[in-house]
Amino acid sequence: MLRKDFGINKELETRSRIALVTGGSGEIGGAIVKRFVEDGFRVILHYKDSRDRSVFIANSLGKKNKEIVLMRADISREKDVSKMFKNIKRRFGTLDVLVNNAGINRVDKHPVDLNFKDFDEMLNVNLRGSILVTKHALPLLKNGIEPRIIFISSVVVFCGSSQRIGYAASKGALLGLTRSLALALAPKILVNAVAPGYIDSRMIRHSKSEPIKKRIERIPLKRLGTPEEVAAAVSFLGSRNSSYITGQCLHINGGVFML
């Protein structure tokens, strides 16, 4: 009955699914990498500058670290992205799940004083980078097992942020991309997004814009989220259990924003 209900591909029983996580050396990215390995995936951990952190994440999985392959690329440069996917094709021949997690954040000033150097950098990485990675991933995903694309957006898209205007704009564009790709790639490839809220991370802990205590006061669940809770949502969207979900955004925010 399970096979009939979910249309499980027989190939699932002959090989592990393969996932690419961009920005896999960060706290959320690292949690997603670890969760996918626990789920039985072989994982490509993409990074740009943090090789030591990437190696640490792989080593932290002990005997399972053989399921992780590290690949470096500047995703804002198509030459780098093309080279990375040539390596992926050579090594794996296919791809089943793409998680567009890589992103950067810059604190803005008043809109009148918006720093367009920072703004352009955020667009180049958060939006252009995600588009480039997706473009080069599609030929491999089309032959994948139950292929999925997952974008990591942000709660600031829905709540707004007076000090992260450029960041909110770049992450908001990912939602338009999610919905458009969901239409364009259906029914073969499912495309969804995850919007984390205030997650316990270096970005939150080192933020000078607002004390953590004040942030927590606005959260109905009265605590920060964890990278592992974001990873659990990504795991669900990458699994066979999400087989009738596409073009959606899953909110992981403790109730700070409600639809």
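Presented here is an overview of the structure given in this document. (Residues numbered from 1 in each chain as written. Predicted model: local features only at pLDDT ≥ 70, side-chain atom pairs only at ≥ 80, totals over all residues. Heavy atoms only, no water.)

From N to C terminus, the protein chain includes ten helices and seven strands. Whereas a compact globule of 259 residues would reach a radius of gyration of roughly 18 Å, the protein chain reaches 18 Å, a difference of no more than 12%. The dimensions of the protein chain, computed from C-alpha atoms along their principal axes, are 55 × 40 × 40 Å. Of all 259 residues assigned to the protein chain, the portion counted as buried reaches 50%. Across the protein chain, contacts joining residues at least 24 apart in sequence account for 74% of those joining residues at least 6 apart. Surface exposure of the protein chain reaches about 13100 Å², of which carbon and sulfur atoms provide 53%. Positive and negative side-chain charges in the protein chain, numbering 43 and 24 respectively, have mean positions lying 3 Å apart. (Helix = DSSP H or I, 4+ residues; strand = E, 2+ residues; numbered from the N terminus. Rg over C-alpha atoms; globule rule 2.2 N^0.38 Å. Buried < 20%, exposed > 50% of the residue type's maximum accessible area, 1.4 Å probe, protein only. Contact = heavy atoms within 4.5 Å. Areas by Shrake-Rupley, 256 points an atom, 1.4 Å probe, with all protein chains shown as cover. Lys, Arg positive; Asp, Glu negative; His and termini not counted. Charge placed at Lys NZ, Arg CZ, Asp CG, Glu CD.)

To continue, consider the side chain of Ser153. Assignment of secondary structure puts Ser153 in the loop between strand E5 (148–152) and helix H6 (156–159). A relative accessible area of 2% means that Ser153 is categorised as buried. From its side chain, Ser153 meets the backbone oxygen of Lys171 in a polar contact 3.1 Å long. (Polar contact = N/O pair within 3.5 Å; in protein donor to acceptor, adjacent residues only side chain to side chain.)

Scanning all chains against the criterion turns up zero disulfides. Left without a disulfide partner, Cys159 is nearest to the cysteine sulfur of Cys249, which lies 11 Å away. A residue is classified by how much of its surface remains accessible, and Cys249, at 18% relative accessible area, is buried. (Disulfide = S-S within 2.5 Å.)

Burial analysis of strand E2 (residues 42–47) places five of its six residues in the buried class, which makes it a mostly covered element. Where the polypeptide runs from strand E1 (residues 18–21) across helix H2 (residues 27–38) and back to E2, its parallel neighbour, the crossover connection is right-handed. Inspection of the sheet shows E2 paired to strand E3 (residues 68–72) by five bridges, in the parallel sense. Bridge pairing in E3 places Tyr47 opposite Arg72. In this fold, E2 hands off to helix H3 (residues 51–59), which returns the chain to E3; that crossover is right-handed. (Right-handed = clockwise from strand over helix to strand, strands pointing away. Pairing = 2+ DSSP bridges.)

Before going further, it helps to examine the pattern of salt bridges. Enumeration over the complete set of coordinates arrives at nine salt bridges. One salt bridge in this structure joins Arg35 and Asp39, with 3.3 Å as the shortest N-O distance. On the basis of relative accessible area, Asp39 is assigned to the partly exposed category, the value being 35%. Bridged by salt links that share partners, the residues Arg42, Lys66 and Glu67 form one connected network. (Salt bridge = Lys/Arg side-chain N within 4 Å of Asp/Glu carboxyl O.)

This brings us to helix H7 (residues 165–185). The end-to-end C-alpha separation of H7 is 30 Å, in line with the 30 Å expected for 21 residues at 1.5 Å each. Where H7 is concerned, the buried positions are Gly166, Tyr167, Ala168, Ser170, Lys171, Leu174, Leu175, Leu177, Thr178, Leu181, Ala182 and Leu185. Considering only its buried residues, H7 is in contact with helix H5 (116–141), E5, H6, strand E6 (190–196) and strand E7 (249–252). (Expected span 1.5 Å × (residues − 1).)

A separate point is the sheet that holds E5. The strands making up a sheet associate through hydrogen bonds between their backbones, and the pairing can be parallel or antiparallel. Taken together, the seven strands give an open sheet; going across it, the order is E3-E2-E1-E4-E5-E6-E7, and neighbouring strands pair in parallel fashion. Of all strands in the sheet, those bounded by a partner on one side alone are E3 and E7. Ignoring strand direction, the axes of neighbouring strands in this sheet form an average angle of 20°. With four bridges connecting them, E1 and E2 associate as parallel partners. (Axes fitted to C-alpha atoms, helices over the stretch in contact; angles between N-to-C directions.)

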